[in-house]
Every structure is written in C-alpha cells, then in structure tokens.
Amino acid sequence: MSNLYIIQDYIISEGDTMKILLVDLWRIIKYKGGAEKVFFDMANTMSRRGHNVTALGLQDAEGKPSFYVDSKVRFVNAGIGLKVKKNFFQKVKSLFLSNDAKVKYSEAIYDKLKGNRLAPVINSGDFDIIISFSVEATRILINTLHVKKPIITMFHFAPQVILNGISENTIEALNKCACIQVLLPSYVDVVKKYVDVKVVCIPNIVPQYQFNEVVPDNTIINIARIDRQLKRQLLLIDAFNKIKVKYPDWQVEFWGNTDFDKKYYNECLKAVKDNQLTERVHFCGTTDNVLEKYQKAKIFVFPSLHEGFGLALTEAMSAGLPAIGYKNCVGTNELIINGKTGILCDDGVDSLALALDELMSDAELRKKMGKAAKEEMKQYAPDKIWNMWEELMNKFVS
C-alpha cells in the first residue's frame, strides 16, 4: 500500500506520481495569451499535486515567462537563437513545388530544425506522458523524433480552424497520439471526421471569483489582444459610436496586448479619433489584475470571429458580468446562453449596437444575466477540470 501525503489540500498517492512533459511551441516569454496561461496553470497545478513536471518551450526570446512558474516545475526554453526563416535556396525550390509539396517540404525542414532543439530535453527524462499544446508539436514529436510515450494533443482553438487544410503528415501523427483533447462537447464529432483516435472533452478552468460587491462604473470592457483577424475590436468601437449620444456617461475599455497587430491597432486609434471618442474609448494595455477590471465594468463584449474556449469571456462571466457575443462565433455561442447569461447577436455592427443598447438601458437585466452567468461558470471550477486531466493522464500511464 502506497503512502499518502497532502499537498495544498490535494491528497496524492506516492505510487501515482507521474513524470509529465508539457510542450508548447508558441510564445511563452513576455507574452500573455490564453494558451500560455493554460500551459503554466497546468504545469503549476500538476506540480502542486505531487507530479514531476517539465515545461518545454521553443521561443527565440530570452527572459522569464510572463506567467508565474512554480519553483518545482522544471522550465526550459529551447528556442533561444532558433531561426526558422527560409534561406535563398529554400525559397527558390519552393517556386517549383505544388502547394501540397510545399507544405511537406517546409514541414520536413522546420520540423527537423525544431526537433533538434527539443530532443535533448525529451531524451533527458524518462517521461510517463507528454502533453502537446499544438498539432505541430505532436507532428514533430511523433514523425520527427519518433517518441513512443503516450502523447495527448490539446486543441486550444475551434477544431474547424485547426483542421482546415491540415497536412497528411499531421493527420498521420494525430492518429498515432494517445488521444486528442477538445474544449467543448460539440468539438468531439468535428475532430472525429478527420482522425481515427480517441477524442475527449475537457474544458478550460474558470476561476470561481469570490469578492465583495463594489459599485461599477458605466463601463463596457473587452479583454483580448488587439487583433484584426480574430478579436475584431473595431466592431465594438463602431457599434458604440452608433449609440454614444444616447449614453453620454458610458465608456469602453480595451485591455490586452497592442503589439500583436500594430496596423490594426492604429486603425482602431484612428476610428476613435475620427469619431470624437478619445475621452470615452480607451486602450489600456495589459493587466495583472483582471478581476479588478471586471468589477469596475457593467458589460463584457466579445466580438471575436471564432474561439476555442474564450478565457476572458468565461472569467468575465464568473465575475458576474453579462456578456455579448456573436451567434456565429464558434466557442462563444456555446458559452453564452442567449437571453439568460448574455446576448448572442448577428454578426456586424448594427446588431451589436442593438445588443449594447438593450443591456445599457436595463440595470435589472444586467444584474439578472450577470448572476446567471456566474452560476453557469461553476461547472468549470478548477478542481473539477484538473481532476479530469489527472484521471485522463493516469489512464494512459497505467
């Protein structure tokens, strides 16, 4: 019988301790994105639960991660000095290849380059299980490095986005991994159309905020990187502009990274200036205290084109904010219950303006929806989600 010991309110069996490797090829240094937050949350939590955790990144940037890393987590950034741009020979050769051949050619070059950086860490530890944070990482681990340990591939975005135009090499690798994790139940069937492998649904965690009530400002808030293709903040600016005269004491705050798409950020600033909104629409940069920002606001707006499982959206709902999103936004239209926890409107500016008007004019409706939103988010409490992850990993390890 194995000994038991307690770590931060979790009861862990000594015999069940796992050696876990997390692999993230995205930006983990000086950048705060949703996937990166999940990466470090998982590393820290599994370490606190008594497991031996290595968090492996591959970014050509020196420095520490923007998110906290537990002292017991072995963090390695193997990407410093890694250059992945095509050289002249590669560019010339690509001119004579078909689209499919170009993809295979590029994958062969870059996967080997990245694989050489990942290999020393992967070979240095006898890991029980590997959590891959992207299909690219899975392809490198399986096809290039020929890893035999069970690999769980995480889908942080809507599967439709990830799998659209995916290469044969990647599909081959996905079919060899232990399973694929998706964020919402509807995503399971989408993935199964492409691969013949186990698919499980484990949502992201949502903090369960407990706080004293404060008097919020007449503020509409959006938290996301400034991004033309996905986050689409300009839609909110234009919608607010349509009703600004009716609500002279309301304002809009955008919180998030402004360096991701500087051209779009400048377009947003120009729209603010051209519509005389400089005193009412504010780009505030990043914050380490999102709860404080939610508490000071009355409405959360999420005009994204698509999402996997919007962390900012669910955190805002957990803080008791009614939310507005688009009906056709995958990942938003399953989290907002139209008419109960917020409003789902048709894509575009006019429909968004009407939704804003409905909530801005009715304090009781905001309070009712906000309370329902907070209650709805309880199903994603951290302990519940991490227990699901631990159970899944134990299943493949045992």
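Just so it is clear, the model here is predicted, and its values are computed rather than measured.

## Notes on empty space enclosed by the protein
The tally for this structure, following the rule as stated, stands at one cavity of 30 Å³ or more. In this structure, the largest cavity spans a volume of roughly 110 Å³. Lining the largest cavity we find 16 residues, and of these Val38, Pro203, Asn204, Ile205 and Trp386 sit closest to its centre. Taken together, the elements giving at least two residues each to the lining of the largest cavity come down to helix 1 (34-48), helix 11 (311-318) and helix 14 (382-397).

## Here's the deal with the state of the cysteines
One pass over the structure, following the stated rule, counts zero disulfides. Cys284 forms no disulfide, and the closest cysteine sulfur to it belongs to Cys268, at a distance of 13 Å.

## Notes on the packing of helix 1 against helix 14
At their nearest, the axes of helix 1 and helix 14 sit 11 Å apart, and the two run at 75° to each other. When the axes of helix 1 and helix 14 are compared, the pair comes out roughly perpendicular. Along its contact with helix 1, which presents Asp41, Met42, Thr45 and Met46, the element helix 14 presents Trp386, Trp389, Glu390 and Met393. The class makeup of the residues in the contact of helix 1 with helix 14 is five nonpolar, one polar and two charged.

## Points about the confidence of the model for the chain
Regions with low pLDDT carry predicted coordinates that are not meant to be interpreted in detail. Of the residues in the chain, 91% reach a pLDDT of 70 or more, and the chain-wide mean stands at 90. For residues 1-15, every residue scores under 50 in pLDDT, and the model assigns this stretch 25 contacts once sequence neighbours within four places are set aside.

## Let's talk about helix 9 (residues 262-274)
Over its 13 residues, helix 9 runs 18 Å from end to end, which matches the ideal 18 Å to within 8%, given 1.5 Å per residue. Within the sequence span of helix 9, burial applies to Tyr264, Tyr265, Cys268, Ala271 and Val272. Projected down its long axis, helix 9 shows its buried positions confined to an angular sector of 120°, all on one face. Of the residues in helix 9, the exposed ones pointing more than 90 degrees away from the buried face are Lys263, Lys270 and Lys273. Buried residues belonging to helix 9 abut helix 8 (233-243) and strand 12 (281-283). Two residues or fewer after helix 9 comes Gln276, characterised by a positive phi angle close to 55°.

The rules we used
Residues numbered from 1 in each chain as written. Predicted model: local features only at pLDDT ≥ 70, side-chain atom pairs only at ≥ 80, totals over all residues. Heavy atoms only, no water. 1 Å grid on protein atoms, 1.4 Å probe; cavity = no way out; pocket = protein on both sides within 12 Å on 5 of 7 lines; lining within 4 Å. Points joined across faces, edges and corners; volume = space filled by probe spheres on them. Helix = DSSP H or I, 4+ residues; strand = E, 2+ residues; numbered from the N terminus. Disulfide = S-S within 2.5 Å. Axes fitted to C-alpha atoms, helices over the stretch in contact; angles between N-to-C directions. Parallel < 35°, antiparallel > 145°, perpendicular 65-115°, else oblique. Contact = heavy atoms within 4.5 Å. Nonpolar A, V, L, I, M, F, W, Y, C, P; charged D, E, K, R; others polar. pLDDT = per-residue confidence, 0-100. Expected span 1.5 Å × (residues − 1). Buried < 20%, exposed > 50% of the residue type's maximum accessible area, 1.4 Å probe, protein only. Arc of directions from axis to C-beta.

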